[in-house]
Amino acid sequence: MTEARRVGRSANGTPLFECICEHCGAVRHQDRRRVGTPCRACYLKLKKERAVSGTRLYRVWSGMIARCTYPSASHYEYYGGRGIDVCSEWRNDKERFFSWALKNGYTDTSELDRRDVDGPYEPANCRFISHQENSQLRSNARCNRVQAGEVKRLLQSGVKVKDAAMQVGIPYMSAWHISKGNTWHNA
Ligand SMILES: [Zn+2]
């Protein structure tokens, strides 16, 4: 950092220095302690960002970006790996995602859902739903045809739904839907 420039004194005699905000470039004349600190507007903005970045909603946003972007992210194969993307509005500006979320029913227990599972993360295709609704919706996707066929075979031989799910390694709800004939009719 360059040496702060002394620019005079305040009305009560405090030496004033040129304080340049490194975030926006605003120049203020303030006492030495403020040198190198952000201006008030940037200070408040940074404080708000830090508050949001510690929240669950920030993790919802960053998780969405990660699984659509980084092959090392968990479940990338079901998202970025099969072409699911995040709209540029949300990708480039988390604030826009946050304000959309808060206007569209986000709570600290709700989960982000895409109406069309093959569509992108964008306002028209997204909503917040409860964990329970989400589990039910996902139960189809958490099982493949071979597993579904295996579950059916086990159920037909008298194995209980819970045990069939465990043996095949799919969620209970997936096996339950299969047992009720709700899903995988042709498996
Ligand atoms: Zn600033």
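In this text, all values refer to a predicted model and were calculated from it rather than measured experimentally. Every chain is numbered independently, its residues counted from 1 as its sequence is written. Reporting of local features is limited, given that this is a predicted model, to residues whose pLDDT is at least 70; pairs of side-chain atoms are given and counted only at 80 or more, and all residues count toward the totals for whole chains, interfaces and linings. Side-chain calculation: all heavy atoms of the structure are included, whereas hydrogens and water are not.

Here we look at unusual backbone geometry
Piece 1. One non-glycine residue with positive phi stands out, namely H75, at about 70 degrees.
Piece 2. Every helix listed is a DSSP run of H or I at least four residues long, and every strand listed is a run of E at least two residues long, numbered separately from the N terminus. Mapped onto the secondary structure, H75 falls in the loop between α2 (56-69) and α3 (88-92).

Describing the coordination of the zinc ion
Piece 1. For Na, K and Ca the donor cutoff is 3.2 Å, while for all other metals N, O and S atoms count as donors only within 2.8 Å; water does not appear among the atoms, so some sites may look incomplete. At this site the zinc ion is bound by C21 (SG), C24 (SG), C39 (SG) and C42 (SG), with donor distances of 2.3 Å.
Piece 2. Burial classes follow relative accessibility: with a 1.4 Å probe on protein chains only, a residue under 20% of its type's maximum area counts as buried, one over 50% as exposed, and anything between as partly exposed. For C42, a relative accessible area of 13% gives the class buried.

Details of the packing of aromatic side chains
Piece 1. Pairs were defined over the aromatic rings of Phe, Tyr and Trp, the Trp ring being its six-membered one, requiring ring centres within 6.5 Å. Orientation was assigned from the angle between planes: stacked under 30 degrees, edge-to-face over 60, tilted for the rest. Tallied over the entire structure, the rule returns eight aromatic pairs.
Piece 2. Ring geometry for Y58 against W61: centres 5.7 Å apart, planes inclined by 45 degrees, an arrangement best described as tilted. A residue pair is termed a helical-turn pair when its members lie 3 or 4 positions apart in one helix, as Y58 and W61 do in helix α2 at three residues.
Piece 3. W61 gets classed as buried once you look at its relative accessible area, which sits at 13%.
Piece 4. Aromatic ring contacts, followed pair by pair, group W90, F97, F98, W100, Y106 and F128 into a single cluster.
Piece 5. In this scheme, the term charge over a ring applies when either NZ of a lysine or CZ of an arginine sits within 6 Å of the ring centre and within 35 degrees of the ring normal. Positioned above the aromatic ring of Y79 is the side chain of R67, whose terminal nitrogen or guanidinium carbon lies 5.0 Å from the ring centre.
Piece 6. Its end group placed over the ring of Y121, R114 keeps NZ or CZ at 4.8 Å from the ring centre.

Points about the environment of E133
Piece 1. Secondary-structure assignment places E133 in helix α5 (residues 131-138).
Piece 2. Each C-alpha atom of the pair E133 and D113 lies 9.7 Å from the other, and the pair is 20 residues apart in sequence.
Piece 3. Polar contacts here mean pairs of N or O atoms no more than 3.5 Å apart (in protein, one a potential hydrogen donor and the other a potential acceptor; neighbouring residues in sequence count only if both atoms are side-chain atoms). A polar atom in the side chain of E133 sits 2.8 Å from the backbone nitrogen of S130.

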